Structures are given as C-alpha cells and as structure tokens.
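# Chains, contacts and geometry: an overview
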Amino acid sequence: MNRTKIIIGRIIFFTVLLALAVLFIVMGWWLALIIEAVVFVALIMAISFFMVSHSMKRREPMFKGDVIEWGAPGAGLSDIVRDAVEWLETGELWEQTSEDGLLLKGRFVKKEGSHTYALCCHGYKNHRMQDISNQAKHFYDLGHNVFAGNARGHGRSEGRYIGMGCKERRDIVGWINMIVKMDPKAKIFLYGVSMGGATVMTTSGEKLPDNVKCAIEDCGFSSIWDEFSMHLSEGFGVPVFPVMYICNVICKAKYGFEFRHHSAVEQVKKTNLPFLFIHGDADTFVPYRMMKPVFEACASEFKKSVTINGAGHAESHLVDPKTYWREVDAWLEKYL
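Residues numbered from 1 in each chain as written. Predicted model: local features only at pLDDT ≥ 70, side-chain atom pairs only at ≥ 80, totals over all residues. Heavy atoms only, no water.

## Examining the overall build of the protein
Along its length, the protein carries 12 helices and 10 strands. Per-residue burial for the protein yields a buried fraction of 52% across its 336 residues. Look at the contacts in the protein between residues 6 or more apart in sequence, and 74% of them connect residues 24 or more apart. With the model as given, the accessible surface of the protein reaches about 15,700 Å², and the carbon-plus-sulfur share is 60%. (Helix = DSSP H or I, 4+ residues; strand = E, 2+ residues; numbered from the N terminus. Buried < 20%, exposed > 50% of the residue type's maximum accessible area, 1.4 Å probe, protein only. Contact = heavy atoms within 4.5 Å. Areas by Shrake-Rupley, 256 points an atom, 1.4 Å probe, with all protein chains shown as cover.)

Okay, structure coming up:
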C-alpha cells in the first residue's frame, strides 16, 4: 500500500515537472520560470494544507442518542472487541471542561472496594475507544477501576481538531484531578495505545499528583514531527523540506501549537514514573524504531522496554497476549 502511494506520488511529481519543461521550451525561459515558480509554490502549499487538514481535522462519527452507532468507525470489529466496547459504554458518563473551554467526556467503570485506577488513553481516530476496550476490561477484571476518556476531537468530546497527544496531555491531568478529588486514596496508572501511548508519555512530563504511580505506553510515537515526517516521506514519497515546515506554520496559525515544539522524547525526560514501553517490531504505522529514543530519553530510574515479535501497529496484545499481559501485570503488581 505504501509503495503504491509512493509510486503515484512520484508519477504526479514527474508529470508536473515534464509539463513545466514543455512550457520552458514553448514559452521561453523567463516566462516559463515564473510559471514554474508559481506552480511549485502552489503545489507545495496545497500538499501542506491537505496534510494538516487530513491528519488533524475531526472526522465525525455517527451518533444516535447517547450511544455511537456501528457505522464506519466501528466497521470490521470482531465480536470480542465489540463486546468490550459495549461493556465500556455501560460506564458512568463523566464530563470536564478543558483549559481551553472544550467539553470533554469519558466513561468510568467502578470496581467496588478498589482504590486503584486504570486511566486509559485511546489512539488516533478511535471514536469508540475500540483499541483500548479489551485492555480496559482486563484491568477491570484484575480489580481496578477504569476510566477512559474520549480525546478532544473524538467521540462525544468536543474539538474541531485532533491534538496528537500535545493538547491531550493537559486534558489527562484534568481527568487525574477528578479521580483524586473523588478518591484521595486513589492509586492511578496511565495506559495508552498509539496516539494514546504518546499522550501517556507527554502527560508523564507534567506536574502530577503523587497518586499517579506508574505508566505503560504501547506503540506511541516519539514526536508529532517524526510521525508526520515519516508518513510524508515513506508513505507518499514527498520531501520533508519544505512541506513539514509549512505544515508547522499552518498548524500554529490554525490550531495554536507547533509540531516541532511538542515531543514525547522531551516530556519523558522530566518524568520519574516507573515506565513500561511496549512496541511490535512489525509496526509500520508508528515504526518500531521510535521506541528506542523515548526509552533512552526517559529519566525514570525504573523503566523497561518490551518488544513483541511479529506484531503490527496496536496489535501486540493480540499477537502475543501471553507475553504482553505477563509484562503488564507484573509491572502493575510491582509499581502500583
């Protein structure tokens, strides 16, 4: 699929170059040069605007009353995932207002008598939190309360764009504070997959209450810049320069933050939470190589990286559940 995109991108690119060369011959060098410059700038701007809009603009799921329908966002889900998603949606609906005024919503499933809490962060465009629902149910069965919030720009939460773990980190702090206010004895661990993993990493660098005991991230990206650059160059065959730099300016103008200034690598340098990093070595969406820089940058005295052989993106708990849950459960047993 990626190879096809690269081939198509290069065909378009060289077709445009050929057309410009013809103009150069027919119209004279000076006029052709002006036209070439205008077309080149327009093409780069179009690619940049498309990149930002396609990647970050909210794509609405289908709603029906208080429960999101099984339309396009839920297509192709297995019965096991469907059951877990529907179980999660039986939880109490929580709400908070973000620091920038968005109404955010999430589900809380209470485990009677427990003071331990799994705060779960879902991935990119998972409007029904289908990538973390099975794991949330596992945590509940272990005896933990479970909270899973719809990230801004997803599901029931407000937001016209996706914050890619940058804006969400402050939202997670808000959910943590709500839990601690409700239960001052709370012992909380953070868990996230994909963009949710990146959110866990960026949140870990914030000032957190002592109630937060440890963190687990699964296939999170090292930075927004790294992730988008990878898809731009390897997925579409488009040069990172100048496109990503223009995307950065557009993002700052439209959404108020820059790709280059928000990095999981930089945030984990400030954490002291015991941190478990998990990644599948067959992941091409968030490449396996991204685990190394975040692991090495993590300032925690207690950290561990786990590689799941043969697992693609967000598939580690499915490909090798025995190893996955042995590592996760042992981490919680030790540090929660």
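## A closer look at the pairing of strand β4 (residues 103–109)
Of all the 7 residues making up β4, 6 are buried; the element is thus mostly covered by neighbouring parts of the structure. Relative to β4, strand β3 (residues 92–97) is paired through 6 bridges, and the arrangement is antiparallel. From the neighbouring strand, Leu 93 faces β4, where its bridge partner is Arg 107. In textbook terms, the turn of a hairpin is the stretch between consecutive antiparallel strands, and for β3 and β4 this stretch comprises 5 residues, one of which, Gly 101, has a positive phi near 90°. Where β4 meets strand β6 (residues 145–149), 4 bridges bridge the pair, whose relative direction is antiparallel. Counterpart to Val 109 in the pairing with β6 is Val 146. (Pairing = 2+ DSSP bridges.)

## Structural notes on the nonpolar core
Membership of the largest hydrophobic core comes to 32 residues, with the highest contact counts inside it found for Leu 119, Ile 176, Ile 179, Ile 188, Leu 190 and Phe 275. When residues no more than four places from it in sequence are discounted, the contact partners of Ile 179 are Trp 94, Tyr 117, Leu 119, Phe 147, Ala 186 and Ile 188. One finds Phe 139, Tyr 191, Ile 278 and Ala 311 within the second-largest nonpolar core, a separate group that totals 30 residues. (Core = buried A, V, L, I, M, F, W, Y, C linked by side-chain atoms within 4.5 Å.)

## Some words on the environment of Asn 150
You can see Asn 150 is positioned in the loop between β6 and α5 (168–182). Classification of Asn 150 by relative accessible area gives buried; the value is 3%. Spatially, the C-alpha atoms of Asn 150 and Asn 126 are 8.8 Å apart, while their sequence positions differ by 24 residues.

## Re unusual backbone geometry
Look at the link from Phe 241 to Pro 242: it is a cis peptide, with omega at 10°. Of note, Pro 242 is situated in helix α8 (residues 240–255). A positive phi angle is found at Met 164, which is not glycine, with a value near 55°. Looking at the secondary structure, you find Met 164 in the loop between β6 and α5. Using a relative accessible area of 4% as the deciding quantity, one classes Met 164 as buried. The backbone of Ser 194 shows a phi angle near 60°, a positive value even though the residue is not glycine. Assignment of secondary structure puts Ser 194 in the loop between β7 (187–193) and α6 (195–204).

## Considering the state of the cysteines
On inspection of all chains with the given rule, the structure shows 0 disulfides. Distance from the sulfur of Cys 120, which forms no disulfide, to the nearest cysteine sulfur (Cys 121) is 7.4 Å. In this structure Cys 120 comes out as buried when scored by relative accessible area, which is 1%. Here Cys 247 stays free of any disulfide, with the sulfur of Cys 251 as its closest cysteine sulfur at 8.8 Å. In this structure Cys 247 comes out as buried when scored by relative accessible area, which is 0%. (Disulfide = S-S within 2.5 Å.)

## Some thoughts on helix α3 (residues 79–88)
Along α3, the residues that are buried comprise Val 81, Ala 84, Val 85, Trp 87 and Leu 88. Looking straight down α3, one finds its buried side chains confined to an arc of 160°; they lie on one side. Buried residues along α3 sit in contact with β4, α4 (133–142) and β6. (Arc of directions from axis to C-beta.)

## Some points on the sheet that holds strand β9 (residues 275–280)
One key point about sheets: their strands pair by backbone hydrogen bonds, in either a parallel or an antiparallel sense. If you trace the 8 strands from one edge of the open sheet to the other, you get β3-β4-β6-β5-β7-β8-β9-β10, paired in mixed fashion. Both edges of this open sheet fall to β3 and β10 (303–308), since each of them pairs with a single strand only. Each adjacent strand pair in this sheet contributes to an overall mean axis angle of 20°, direction not counted. As judged from the 6 bridges shared by β7 and strand β8 (residues 212–218), these two strands associate in the parallel manner. Along β8, the bridge assignment pairs Leu 190 with Ala 215. The sheet strands contacting α4 are β4, β5 (116–121), β6 and β7, and the helix crosses β7 at an angle near 155°. (Axes fitted to C-alpha atoms, helices over the stretch in contact; angles between N-to-C directions.)

## Considerations on the pairing of β10
With 6 bridges joining them, β9 and β10 adopt parallel strand pairing. Pairing of His 279 across the sheet is with Thr 307, part of β10. Read as a crossover between parallel neighbours, the route from β9 over helix α10 (residues 291–297) to β10 is right-handed. (Right-handed = clockwise from strand over helix to strand, strands pointing away.)

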